[in-house]
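# Remarks on the overall topology
Now for the letters of each chain:
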Amino acid sequence: MSVDPIRRAPKVCSEDCIYCMLGSSGFLATKRSSLVSTEEVVEDLSELASIHRGLPIRFFGTGETTLASNLGEMIEAARASGVGSTAVLTNSTLMERSEVREDLERADVIIAKVDASDERSFQRINRPHCDVSFSRMVRGLRYMRSNYKGSLRLQIMLMKENESQAEGLAQLCSDLSPDLIYLSTPTRPCHATPLTYRSLQEISRRFHRQGLNVTYEGRGDRET
Ligand code: SF4
């Protein structure tokens with residue numbers, strides 16, 4: 001079950017990824033604000049808990065989850081409502097901020113996106129807000145890894161446009177030592193060229209050889 005802490009159309013995000021299933025229209029932002037009231041989310045969660053008690057909840061939706069300044073409150077509300085474990089999908093760009101990490105740390109699972117291993121490729125694939133940089137994103141991920149007690153997972157969208165970064169991405173993942181890595185490739189029409197199942201499988205083997213715990217989706221559908 002999922003909860004969208006943004007609920008905006010077009011999307012509100014700190015990136016405009018070339019493969020985004022929400023399209024390329026939307027607002028690039030890095031300033032956090034309360035886009036949906038916590039009360040509204042509490043109502044939805046209570047309803048969900050009454051029908052699906054114990055089912056895991058994922059926070060993701062129409063933009064970058066950590067742009068919701070009340071994300072931490074929402075996660076606490078989910079815990080109190082009687083639903084199951086909580087997971088947050090994030091594009092990792094705001095993780096350098098301590099208040100963002102404090103919010104994320106309340107979740108049982110963090111699924112953090114990384115699609116590039118250097119600044120140039122990051123700009124080309126993820127087209128971030130001008131306040132965001134690859135080095136700051138990686139620094140945020142390192143801080144998170146060293147303090148977070150839950151399950152930190154990485155999500156990598158692979159496509160022709162970043163296939164050559166596979167080695168660098170595996171190196172970056174080794175450095176960050178996530179609990180699990182999800183590899184996927186775009187499945188919906190977008191400005192990126194998907195990889196074949198075989199290519200995904202081959203890259204997955206390379207990650208395995210580095211001792212990384214990795215799983216891949218032949219027809220991937222995870223996005224933040
Ligand atoms: S981070 Fe997620 S929502 Fe934002 S542009 Fe990229 S794919 Fe779309």
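Structure first, text after, so check above.
Residues numbered from 1 in each chain as written. Predicted model: local features only at pLDDT ≥ 70, side-chain atom pairs only at ≥ 80, totals over all residues.

### Structural notes on the sheet that holds strand β5 (residues 86-90)
The strand order β1-β4-β5-β6-β7-β8-β9 describes an open sheet built from seven strands, whose pairing is parallel. Only two strands of the sheet have a single neighbouring strand rather than two, namely β1 (2-3) and β9 (214-216). Across four bridges, the pairing between β5 and strand β6 (residues 109-113) is parallel. Each residue of the ladder has a partner; that of A87, found in β6, is V109. (Pairing = 2+ DSSP bridges. Helix = DSSP H or I, 4+ residues; strand = E, 2+ residues; numbered from the N terminus.)

### Observations regarding the pairing of β6
In terms of burial, β6 is a largely internal element, four of the five residues being buried. One crossover worth recording links β5 to the parallel β6 by way of helix α3 (residues 98-104), and it is right-handed. Two elements, β6 and strand β7 (residues 151-157), share five bridges in a ladder whose sense is parallel. Each residue of the ladder has a partner; that of V109, found in β7, is S151. (Buried ≥ 20, exposed ≤ 12 C-beta atoms within 10 Å, placed from the backbone. Right-handed = clockwise from strand over helix to strand, strands pointing away.)

### Examining the packing of helix α6 (residues 166-176) against helix α7 (residues 197-209)
One can describe the packing of α6 onto α7 by two numbers: an axis separation of 10 Å at closest approach and a directional angle of 35°. At the point where α6 passes α7, the crossing takes the right-handed sense. Every residue of α7 that contacts α6 at A166, A170 and C173 is listed here: I203, R206 and F207. By residue class, the composition of the contact of α6 with α7 is five nonpolar, no polar and one charged. (Axes fitted to C-alpha atoms, helices over the stretch in contact; angles between N-to-C directions. Left-handed = near helix turned anticlockwise from the far one by under 90°. Contact = placed C-beta atoms within 7 Å. Nonpolar A, V, L, I, M, F, W, Y, C, P; charged D, E, K, R; others polar.)

### Here's the deal with the nonpolar core
A general tendency of soluble globular proteins is for nonpolar side chains to be buried together. Membership of the largest hydrophobic core comes to 60 residues, with the highest contact counts inside it found for M74, I156, L158 and L183. No other element matches helix α2 (residues 71-81), which puts five residues into this core. (Core = buried A, V, L, I, M, F, W, Y, C linked by C-beta atoms within 7 Å.)

### Quick look at the environment of E96
Structurally, E96 can be placed in the loop between β5 and α3. When the C-alpha positions of E96 and V138 are compared, they lie 8.2 Å apart, and in sequence the two are 42 residues distant. Those residues in contact with E96, other than ones at most four positions away along the chain, are R136, R139, G140 and Y143.

### Regarding α2
Along α2, the positions that sit buried rather than exposed are L71, M74, I75, A77 and A78. Down the axis, α2 shows its buried residues gathered within 160° of arc, on one side only. Tucked into the core, α2 has its buried residues touching β1, α1 (38-51), β4 (57-59), β5 and α3. (Arc of directions from axis to C-beta.)

### Quick look at the environment of E43
Mapping E43 onto the fold places it in helix α1. Along the sequence, E43 and S81 sit 38 residues apart, while their C-alpha atoms lie 9.4 Å from each other.

### Examining helix α5 (residues 134-147)
Across its 14 residues, α5 extends 20 Å between first and last C-alpha, which sits within 8% of the 20 Å expected from 1.5 Å per residue. Considered for burial, the residues of α5 that qualify are M137, V138, G140, L141 and M144. Each buried residue of α5 lies within a common arc of 155° when the element is viewed along its axis, so the set occupies one face. Of the exposed residues in α5, the ones pointing more than 90 degrees away from its buried face are S135, S146 and N147. Looking at the buried residues of α5, the elements they touch are α3, β6, β7 and α6. (Expected span 1.5 Å × (residues − 1).)

### So, unusual backbone geometry
A negative phi angle is the norm for most residues apart from glycine, just as the trans form is the norm for most peptide bonds. A9 connects to P10 through a cis peptide bond whose omega is 0°. Mapped onto the secondary structure, P10 falls in the loop between β1 and β2 (11-13). Backbone geometry at R127 places phi at a positive 40°, although glycine is not the residue there. Positionally, R127 belongs in the loop between α4 (119-126) and α5.

### Some details on the packing of α1 against α2
At their nearest, the axes of α1 and α2 sit 9 Å apart, and the two run at 25° to each other. If you check the angle between α1 and α2, you find them roughly parallel. Crossing hand, α1 versus α2: right-handed. Counted together, T38, V41, V42, L45, S46 and A49 of α1 and E73, M74, A77, A78 and S81 of α2 form the full contact between these two elements. Across the contact of α1 with α2, the residue classes break down as seven nonpolar, three polar and one charged. (Parallel < 35°, antiparallel > 145°, perpendicular 65-115°, else oblique.)

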